Structures are given as structure tokens and as C-alpha cells.
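Below are the chains, spelled out letter by letter.
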Amino acid sequence: MVRRVVVALLAPVTWTPPGIDPTRWRSALAEDVVDLLATLNEVETAVAVTPEDRWLADAVVWPGTAVHEVPEPTVDAVFATLTGYDQAAVVVADAPDVPGLTLGKLLRPLSSRPVAVSPVEGSGAGLLGVAARLPVPAWLPALDLDTAAPAEVRAAAPRPGDVAVTAGWRRLRGPADLASLDPAFEGWEATRALLSGQPG
């Protein structure tokens, strides 16, 4: 039985909509991503935070969810904390409406490839997430989820085919991303409530 884990990296967010408290915004995004992870099948779920952001993990995790403290909010630091797993994915916490199927597709290629990446759709560079067989291949570079691109990961691999590029999704990092949210789409309740001005 392959043991898999999906970890939400609760890193600082780079943008907050005008008129919204940045702490409440970050908390709403994190809550929605953590709630989404709880719906995934056949994987364990966890969050990763730096010690100074432990308050955020404590505020949004479900009972029994593992919380990994990392020295810095990076993919490498998260992978380094994971033991006992065969496969792991690290995903961002500013994609509150990402479908669970999209995250599932990030792990699927690991049956035949050592690494998979999910790109960001819409504005800006970066990745939605990175998945790898553990232990992580030595050739995998240090990745910044805000700036890395699939081509960068493929260029580091012994063969480009070692890196699968899976379905992407948007991250909420600017007005254009916010405008692309679909009110009819299920999920993202905490973010939706904050944007609509409901008390939360």
C-alpha cells in the first residue's frame, strides 16, 4: 500500500483585496484549502507552517490533522520534514476554490515518474503544487512556488520526461484572479463569506 500525503504550505500571501484585513484574508484562504484537503480520498493530509505562523495552523486545521513546523515556508523544508511516506505533494494555500480532482491529478503521475508539478493558470508565474516520490530526487532544485515554472523543473531533471506537468489552477494573487472566481462553483466558503462582507 503506497502511503501518500498532501501538505498545504501556509506561507504568507502576496496580495490582499483592498478593504479586507490581511490576517483575515490569509486565514480565510487557508481555511478553505484545509477544508478541501479533508475531502480527498486515499491520502493523508497535513499543513506546514513556520513557528511564528503556528497560530494560523491551529485556527484552521481539523482535529487530528498533522502540523509540520518548518524553518522557512519552502517546498524543500516541507519535504524534509516528511517521514514514513512514499509520495508527497506540497500545495499552496492561496487557491481556495481549487477542485480536489486537480490536486489528485498531481499525485497520479508518481506511479511512473519521480516528480509532478501543477502550473498556475491566469496571471503571474509560479506553481500550484509540487509532488514527488520520497526520498526526493537529488536533482530536484529548490523551488519557490511563487516564481518557479514547470520548464525550470524539467531542465533540472536527467530527462524532461521525469517531470509530469498536470492540470493547473488559478491562485488569488491579484484583481484579475479575484474577478475570475465563479460564485456558482462549490467550496471556498470562508473566502466567499469574507468577500461578501458576512461576519466571520
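It should be noted that the structure appears before, not after, this text.
All values derive from a computational prediction rather than experimental measurement.

What counts as what
- Residues numbered from 1 in each chain as written.
- Predicted model: local features only at pLDDT ≥ 70, side-chain atom pairs only at ≥ 80, totals over all residues.
- Heavy atoms only, no water.
- Helix = DSSP H or I, 4+ residues; strand = E, 2+ residues; numbered from the N terminus.
- Buried < 20%, exposed > 50% of the residue type's maximum accessible area, 1.4 Å probe, protein only.
- Areas by Shrake-Rupley, 256 points an atom, 1.4 Å probe, with all protein chains shown as cover.
- Lys, Arg positive; Asp, Glu negative; His and termini not counted.
- Charge placed at Lys NZ, Arg CZ, Asp CG, Glu CD.
- Expected span 1.5 Å × (residues − 1).
- Contact = heavy atoms within 4.5 Å.
- Core = buried A, V, L, I, M, F, W, Y, C linked by side-chain atoms within 4.5 Å.
- Pairing = 2+ DSSP bridges.
- 1 Å grid on protein atoms, 1.4 Å probe; cavity = no way out; pocket = protein on both sides within 12 Å on 5 of 7 lines; lining within 4 Å.
- Points joined across faces, edges and corners; volume = space filled by probe spheres on them.
- Nonpolar A, V, L, I, M, F, W, Y, C, P; charged D, E, K, R; others polar.
- Phe/Tyr/Trp six-rings, centres within 6.5 Å; stacked < 30°, edge-to-face > 60°.
- Lys NZ or Arg CZ within 6 Å of the ring centre and 35° of its normal.

**Focus: the overall build of the protein chain**
- When helices and strands are counted, the protein chain shows seven helices and seven strands.
- Looking at the 200 residues of the protein chain, the share that counts as buried comes to 50%.
- Carbon and sulfur atoms form 55% of the exposed surface of the protein chain, whose accessible area is close to 9100 Å².
- In the protein chain, the 15 positive side-chain charges and the 24 negative ones have mean positions that sit 8 Å from each other.

**Points about helix H1 (residues 22–37)**
- Helix length check: H1, at 16 residues, gives a terminal C-alpha distance of 23 Å against a target of 22 Å (1.5 Å per residue), a fit within 8%.
- For H1, every residue scored as buried is listed here: Trp25, Arg26, Ser27, Ala28, Leu29, Ala30, Asp32, Val33, Val34, Leu36 and Leu37.

**Points about the environment of proline 71**
- One can find proline 71 in the loop between strand S3 (66–69) and helix H3 (75–81).
- Assessed through its relative accessible area of 74%, proline 71 is described here as exposed.
- With 22 residues separating them in the primary sequence, proline 71 and valine 49 have C-alpha atoms 8.3 Å apart.
- For proline 71, the contacting residues outside a window of four places in its chain are Thr50 and Ala77.

**Some remarks on the environment of arginine 154**
- The residue arginine 154 is located in helix H5 (residues 150–156) in this model.
- Arginine 154 sits 106 residues away from alanine 48 along the chain, and the two C-alpha atoms are 25 Å apart.

**With respect to the nonpolar core**
- Ranked by internal contacts, the top residues of the largest apolar core, which has 57 residues, are Val6, Leu10, Val78, Phe79, Leu82, Leu103 and Val130.
- Filtering out sequence-adjacent residues up to four positions away, valine 130 remains in contact with Val75, Phe79, Ala88, Ala89, Val90, Leu106, Ala116, Val117, Leu143 and Leu145.
- Judged by nonpolar contacts, the second largest core, of ten residues, contains Ile20, Ala28, Leu172 and Ala190.

**Let's talk about the pairing of strand S1 (residues 4–9)**
- The buried fraction of S1 amounts to five of the six residues, a majority that puts the element mostly inside the structure.
- Sheet topology places S1 next to strand S4 (residues 87–92); six bridges connect them, and they run parallel. Bridge assignment links leucine 9 to a residue of S4, and that residue is valine 92.
- With five bridges connecting them, S1 and strand S2 (residues 44–49) associate as parallel partners. The residue of S2 that forms the bridge with valine 6 is threonine 45.

**Concerning the layout of surface pockets**
- Considering only enclosed or pocket space, the largest pocket measures out at about 290 Å³ in volume.
- As for the largest pocket, its lining consists of 15 residues, and the residues nearest its centre are Asn41, Glu42, Val43, Gly104 and Leu107.
- Taken together, the elements giving at least two residues each to the lining of the largest pocket come down to S1 and helix H4 (100–107).
- At five residues, H4 tops the list of elements feeding residues into the lining of the largest pocket.
- A breakdown of the residues in the lining of the largest pocket according to their chemical character gives seven nonpolar, five polar and three charged.

**Quick word on the packing of aromatic side chains**
- The tally for this structure, following the rule as stated, stands at two aromatic pairs.
- Between tryptophan 15 and tryptophan 25, the ring centres sit 6.3 Å apart and the planes meet at 90°, which makes this aromatic pair edge-to-face. In this pair, tryptophan 15 is assigned in the loop between S1 and H1 and tryptophan 25 in helix H1, connecting sequence segments ten residues apart.
- Accessibility expressed as a relative area gives 0% for tryptophan 25, which makes it buried.
- Plain terms: the ring middles of tryptophan 169 and phenylalanine 185 are 5.8 Å apart, the flat faces sit at 35° to each other, and that makes the pair tilted. Separated by 16 residues along the polypeptide, tryptophan 169 in the loop between strand S7 (163–165) and helix H6 (175–179) and phenylalanine 185 in the loop between H6 and helix H7 (189–195) bring together distant segments of the chain.
- The exposure class assigned to tryptophan 169 is buried, which follows from its relative accessible area of 16%.
- A cation over an aromatic ring shows up here: arginine 3 above the ring of tyrosine 85, its NZ or CZ 4.3 Å from the ring centre.
- The ring of tryptophan 188 is capped by arginine 192, whose NZ or CZ atom sits 4.1 Å from the centre of that ring.

Spatial relationships are all this shows, so hold off on functional conclusions.
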